[in-house]
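Chain by chain, the residues:
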Amino acid sequence: MDQELTEIKVEGGMEEQNQQQSNSTSRREFKHFDIIPANSITNDHHYFASPSTLSSPSYQKKIMKEWRILEDNLPDSIYVRVYEKRIDLLRAVIIGPAGTPYHDGLFFFDIQFPSDYPNKPPTVCYRSFGNRLNPNLYANDFVCLSLLNTWHGEYKNERWIPSQSTMLQVLVSIQALVLNEQPFFNEPGYAQYSKTSDPWKRSSLLYNETAFTLSCKTMLCILNTPPTFFEEFVVQHFRDRGDAILTACKAYDTGRARIGDQLTITAAGTGIQNMPSRTFKTSMEQIYPKLVNSFAKNNGSPNGIMNTSNASELPSDNGSPNGITDTSNASVLRIIGFRNPI
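Report on the accompanying structure. In this convention, every chain numbers its residues from 1, walking through the sequence in written order. Only residues with pLDDT of 70 or above have their local features reported here, since the model is predicted, and side-chain atom pairs are shown and tallied only from 80 upward, although totals for entire chains, interfaces and linings are computed over all residues. In computing side-chain properties, one takes all heavy atoms of the structure into account and sets aside hydrogens as well as water.

### Section: the overall build of the protein
Along the protein, the regular secondary structure elements total seven helices and eight strands. Taken over 342 residues, the protein has a buried fraction of 51%. A contact between two residues is defined here by any heavy atoms of the two lying within 4.5 Å. For the protein, contacts bridging at least 24 residues in sequence account for 64% of all contacts bridging at least 6. Approximately 16,000 Å² of the protein is accessible, and the part contributed by carbon and sulfur atoms is 49%. Going along the chain from the N terminus, every DSSP run of H or I of four or more residues is numbered as a helix, and every run of E of two or more is numbered as a strand. Under the scheme applied here, a residue whose accessible area is under 20% of the maximum for its type counts as buried, over 50% as exposed, and between as partly exposed, the area being computed with a 1.4 Å probe on protein chains only. All accessibility values rest on the Shrake-Rupley procedure with a 1.4 Å probe; residue burial counts only the protein chains present in the view.

And the structure:
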């Protein structure tokens, strides 16, 4: 984008100024907790093909207790869908917390309660799309977390306690302890190092660049194939936050904001906080046009960056180093605020 960004304060990618949406589509309020009727299909759930663990009335009672806890206590940034026909299954989405490299991203989890629940913790699958964007969230969808007994933990009380632990605790732990501002230190053995001294601080910043890049790639995957029963939620989420995500991308690329901080984006040429690595800048050159295109197709075109009528003019990615291939490369990159490809 050729014009300079005016001063905008962003909290985790959410613009604080009241900005009018670029389309007239009415907003829908989504329930944080909802039950999917028995006649609805759930076959894209990771555990759908697994045998139902529903075994006894006492089991049903325990699951109903979990449902009530979730319905009454979910925080604003977590949404859950359970299934009338398969009460052993659950799907949750966590909105990436402000002030982290995961801000404004959507992180989906498919969950199954075991037949002896709560003696054993639920089984959790992270929908990674092949992206390992956190030490605890693997590219093969595995979730490494003490509370799930998938990591031994340093203290016994970090593990699943049948008489105390709940599904709500699992979701809140992922949101607060896994999707945090410095995920580099989630890696076993790294927590002992100082977060403010080099070289660990630099290593953490580089990890945040990778985490944000993979979070953006995950956004593209989710927009392309939104999980069942969350299709409308995904559309509205990126309509609401598309502009802020793109503004943050530009600020990170120019060094006017640091990934993992609460963001204050200042006018171009001032307030340089942290110049990103060459690897990050190259990644943004590839991903940013795809985000613009996807947000435009999602009917959430970014204000002042590119409107829906221009989205179809974006060149396609045919494997070139920068993901841009035709003669309009330079003009497209100027529109979105990046330098010409080398």
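Anyway, onward from the coordinates.
### Comments concerning the packing of helix α1 (residues 57–73) against helix α2 (residues 167–178)
The description of two helices packed together rests on the angle between their axes and the distance between the axes. Fitting a line to C-alpha atoms yields each axis, with helices limited to the stretch in contact; the angle taken between N-to-C directions then spans 0 to 180 degrees. For the pair α1 and α2, interaxial distance at closest approach is 8 Å and the crossing angle is 45°. Overall, the two elements α1 and α2 adopt an arrangement that is oblique. In contact with E66, I69, L70 and N73 of α1, α2 contributes M167, L168 and L171. Amino acids outside the nonpolar list (Ala, Val, Leu, Ile, Met, Phe, Trp, Tyr, Cys, Pro) and the charged list (Asp, Glu, Lys, Arg) are all regarded as polar, and Gly is one of them. A class-by-class count of the residues in the contact of α1 with α2 yields five nonpolar, one polar and one charged. Here is the rule for angles: anything less than 35 degrees is roughly parallel, anything more than 145 is roughly antiparallel, 65 through 115 is roughly perpendicular, and the remaining ranges are oblique.

### Side note on the side chain of N131
Along the chain, the position of N131 falls in the loop between β7 (123–126) and α2. Counted as a polar contact is a pair of N or O atoms within 3.5 Å, where, for protein atoms, one must be capable of donating a hydrogen and the other of accepting one, and residues adjacent in sequence contribute only when both atoms are in side chains. A distance of 3.3 Å separates the side chain of N131 from the side chain of T218, its partner in a polar contact. The contact partners of N131, leaving out residues within four places of it in the chain, are Y126, A139, L214, K217 and T218.

### Considering the sheet that holds β7
Strand pairing in a sheet relies on backbone hydrogen bonds. The paired strands run either parallel or antiparallel. Here, strands pair whenever DSSP counts at least two bridges between them. Strand order across the open sheet formed by five strands is β3-β4-β5-β6-β7, with mixed pairing between neighbours. Edge positions in the open sheet fall to β3 (33–36) and β7, since each of these has one partner strand only. Going across the sheet, the axis of each strand differs from the next one's by a mean of 20°, ignoring polarity. As paired strands, β3 and strand β4 (residues 78–83) are joined by four bridges and run parallel to one another. For I35, the partnering residue across the bridge sits in β4 and is V82. Its contacts with the sheet put α1 on β3, β4 and β5 (89–95), and the angle it makes with β3 is roughly 135°.

### Focus on the nonpolar core
Soluble globular proteins: nonpolar side chains tend toward being buried together. We call a set of buried Ala, Val, Leu, Ile, Met, Phe, Trp, Tyr and Cys residues a nonpolar core when their side-chain atoms join them within 4.5 Å. Counting 37 residues, the largest nonpolar core has L70, V80, L90, F109 and L171 as its most contacted members. Elements with a contribution of two residues or more to this core: α1, β4, β5, β6 (106–112), β7, α2 and α3 (200–224). With six residues, α2 is the single largest residue contributor to this core. Non-local contacts of L90, meaning those with residues more than four positions away in its chain, are made with H45, L70, V80, R81, V82, Y83, F109, D110, I111, F113 and M167. Of all hydrophobic cores here, the second largest spans 32 residues; its members include L106, L220, I245 and Y288.

### Structural notes on unusual backbone geometry
Here the amide bond leading from Y117 into P118 is cis, since omega sits at 5°, within 30 degrees of zero. Following the sequence through the fold, P118 ends up in the loop between β6 and β7. One non-glycine residue, F129, adopts positive backbone phi at about 55°. Even without being a glycine, F229 presents a positive backbone phi close to 75°. Checked against the element boundaries, F229 lands in the loop between α3 and α4 (231–254). The class of F229 is partly exposed, set by a relative accessible area of 27%.

### Here we look at the environment of G105
Along the polypeptide, G105 turns up in the loop between β5 and β6. Judged by its relative accessible area of 0%, G105 falls in the buried class. Measuring from C-alpha to C-alpha, the distance between G105 and I95 comes to 5.7 Å, with 10 residues separating the pair along the chain. Those residues in contact with G105, other than ones at most four positions away along the chain, are I94, I95, G96, S215, M219 and H237.

### Considerations on the packing of α3 against α4
Taken N-terminus to C-terminus, the directions of α3 and α4 make an angle of 150°; their axes are 12 Å apart at the nearest point. By the angle between their directions, the pair α3 and α4 is classed as roughly antiparallel. In the crossing of α3 with α4, the sense of the turn from one axis to the other is left-handed. Listed contacts from α4 to F212, C216, M219, I222 and L223 of α3 are V234, F238, I245, C249 and Y252. Among the residues forming the contact of α3 with α4, the class breakdown is 10 nonpolar, no polar and no charged. We call a crossing left-handed when the near helix sits turned anticlockwise from the far one by less than a right angle, and right-handed when that turn is clockwise.

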